[in-house]
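# Geometric and topological summary
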Amino acid sequence: MPQPSTSASGLRGEYEGAREDYTLAQDWHTYTPAMHDRWRHLYARQSALAATHAARSFREGLARLDCANGIPRFDEANRVIATATGWQLVAVPGFIPDAVFFEHLAHRRFPVTRWLREEHELDYLVEPDVFHDFFGHVPMLLDPAVADFLELYGRAGAKAMAMGALDMLARLYWYTIEFGLICEEGANGRALKAFGAGILSSAGETRFSVEDSAVLRLPFDPARVQRTGYRIDTFQQTYFVLDSLEQLIAQLSALDLSPLYAEGRHAPPVEPGALLPGETPFTLAGEPNP
Ligand code: HBI
Ligand code: FE
């Protein structure tokens, strides 16, 4: 049953019934009416914020998924996703080992956690649940640039593990797929929008990342990203801003990241929120520097 419980590893989720690749059936029929209500509540809140703060790709992807009325069925979503980008969702008990996670991505399978957060933790979770994984990540899987980037990221994973560079690769994921911002042309000129799943599945961080005038935002630069540590227990203190989603692929597509890792190994780590000498925070064109 998709109820949060804690496994022997200390992770939430039911790992006992999972296959070797950590997948299991979604068992959609075991979600209770209260869980579907909770999903609708989360969906209503976040989709309203997404309308003003999310990147165009996210808004379009979300609309195509048609998941406002309750916890979605992964098999139904898979029909939409397969047609769009050839990805598919697989249900998992929760957080899975890095190597297994990479293997799924490399084969265009996106692991989606089965359990839903409880009523008392609507605003904040450390581990991914079905709302984070589905609402946050799946809309972007419908974007071809993100779909291709994630496959390449999965393929780069095994190599990074072998090279002892997993921390650097993980930061690229963290500051894009989880907490990425993008500068988009809209009806009222250029605007800052969120596309990262960690942002868009959190009401507080959606507002904070896009609206807070004091938080540090930098233009996306893979070499800078991979040096930048991150926090998993609070809002991010540094965000990176893409010009376009294609930039993900353009700068990383070879995903022979060895030169980047070699550089990263010699560059001193940067604390979240720290600005280095010579760096200029991102600002929208025409806006005075704070
Ligand atoms: N497992 N279910 C799940 N979701 C993730 O986002 C995830 C994971 N395992 C490993 C992992 N992420 C990251 O540590 C890698 O991207 C490095
Ligand atoms: Fe995530």
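Residues numbered from 1 in each chain as written. Chains lettered and ligands numbered in written order. Predicted model: local features only at pLDDT ≥ 70, side-chain atom pairs only at ≥ 80, totals over all residues. Heavy atoms only, no water.

Helix and strand content of the protein chain: 12 helices and six strands. The globule rule puts the C-alpha radius of gyration for 290 residues at 19 Å, and the 18 Å found for the protein chain is close to it. Along the first, second and third principal axes, the C-alpha atoms of the protein chain reach 55 × 45 × 35 Å. Sorting the 290 residues of the protein chain into buried and exposed places 54% on the buried side. Relative to all contacts within the protein chain whose residues are 6 or more apart in sequence, the contacts with residues 24 or more apart total 68%. (Helix = DSSP H or I, 4+ residues; strand = E, 2+ residues; numbered from the N terminus. Rg over C-alpha atoms; globule rule 2.2 N^0.38 Å. Buried < 20%, exposed > 50% of the residue type's maximum accessible area, 1.4 Å probe, protein only. Contact = heavy atoms within 4.5 Å.)

Around ligand 1, the surrounding shell consists of Gly94, Phe95, Ile96, Asp98, Phe101, Phe102, Tyr153 and Ala170. Between ligand 1 and Ile96, the relevant distance is 2.7 Å, taken from a nitrogen atom to a main-chain nitrogen or oxygen of the residue. Measuring from an oxygen atom of ligand 1, one finds a side-chain N or O atom of Asp98 at 3.0 Å. Protein coverage of the free-state accessible area of ligand 1, which is 400 Å², stands at 89%. It is helix α4 (residues 98-106) that contributes the most residues to the shell around ligand 1, three residues altogether. Classifying every residue of the shell around ligand 1 gives six nonpolar, one polar and one charged. (Near = heavy atom within 4 Å. Polar contact = N/O pair within 3.5 Å; in protein donor to acceptor, adjacent residues only side chain to side chain. Areas by Shrake-Rupley, 256 points an atom, 1.4 Å probe, with all protein chains shown as cover. Nonpolar A, V, L, I, M, F, W, Y, C, P; charged D, E, K, R; others polar.)

Right, let's get into the packing of aromatic side chains. The full count for this structure, using the stated rule, is 19 aromatic pairs. With centroids separated by 6.4 Å and ring planes inclined at 55 degrees, the aromatic side chains of Phe101 and Phe102 adopt a geometry described as tilted. The residues Phe101 and Phe102 share a single accessibility class, namely buried. Each residue in the set Trp39, Tyr43, Phe58, Phe74, Phe131, Phe134 and Phe135 is aromatic and connected to the rest through ring pairs, giving one cluster. (Phe/Tyr/Trp six-rings, centres within 6.5 Å; stacked < 30°, edge-to-face > 60°.)

Further remarks concern the pairing of strand β6 (residues 238-242). Burial of β6 is extensive: five of the five residues sit out of reach of the surface. Going residue by residue along β6, you find Thr238, Phe240 and Leu242 tucked away on one face and Tyr239 and Val241 tucked away on the opposite face as well. Taken together, the two bridges between strand β3 (residues 181-186) and β6 define a ladder with parallel strand orientation. What sits directly across from Ile182, in β6, is Leu242. Pairing between strand β5 (residues 216-219) and β6: four bridges, direction parallel. Within β6, the position partnered with Arg217 by the bridge is Tyr239. (Pairing = 2+ DSSP bridges.)

Moving on, we come to helix α1 (residues 33-53). Note: α-helices contain 3.6 residues per turn, so residues at a spacing of three or four share the same orientation. An ideal rise of 1.5 Å per residue puts 30 Å on 21 residues; α1 measures up with 30 Å between its terminal C-alpha atoms. Turning to α1, its buried residues number three or more, namely Met35, His36, Arg38, Trp39, Leu42, Tyr43, Gln46, Leu49, Ala50 and His53. Around the axis of α1, the buried residues are gathered within 155 degrees of arc, so they sit on the same side. In α1, the exposed positions that point more than 90 degrees away from the buried face belong to Pro33 and Ala51. The inward-facing, buried residues of α1 abut α2 (56-65), α5 (130-141), β4 (189-194), α8 (197-200) and α9 (203-211). (Expected span 1.5 Å × (residues − 1). Arc of directions from axis to C-beta.)

Okay, the sheet that holds β6 next. What the four strands build is an open sheet, ordered β4-β3-β6-β5; its pairing is mixed. What marks the edges here is a single partner per strand, and that holds for β4 and β5. Geometrically, the sheet is characterised by an average inter-axis angle of 35 degrees between neighbouring strands, direction not taken into account. Against the sheet, α9 contacts β3, β4, β5 and β6, and its axis sits at roughly 145 degrees relative to β4. (Axes fitted to C-alpha atoms, helices over the stretch in contact; angles between N-to-C directions.)

Summed over the entire model, instances satisfying the criterion amount to 13 salt bridges. A salt bridge links Asp75 to Arg73; its shortest N-O distance comes to 3.6 Å. For Asp75, a relative accessible area of 44% corresponds to the partly exposed category. Look at Arg73 and you get partly exposed, because its relative accessible area is 32%. A cluster of three or more residues bridged by salt bridges with shared partners is formed by Arg108, Asp148, Glu151 and Arg155. (Salt bridge = Lys/Arg side-chain N within 4 Å of Asp/Glu carboxyl O.)

On to the coordination of the iron ion (ligand 2), then. At the metal site, the iron ion (ligand 2) is ligated by His132 (NE2), His137 (NE2), Glu178 (OE) and Glu178 (OE), and these contacts range over 1.9 to 2.7 Å. Coordination at the iron ion (ligand 2) is irregular: its four donor atoms span angles of 54 to 138 degrees at the metal. Within one chain, the residues donating to the iron ion (ligand 2) are spaced in sequence as H-x4-H-x40-E. With His132 in helix α5 and Glu178 in helix α7 (residues 166-178), this pair connects stretches of sequence that are 46 residues apart. The class of His132 is buried, set by a relative accessible area of 12%. The class of Glu178 is buried, set by a relative accessible area of 10%. (Donors = N, O, S within 2.8 Å, 3.2 Å for Na, K, Ca; no water. Tetrahedral: all angles 85-135°; square planar, octahedral: opposite > 155°, others 65-115°.)

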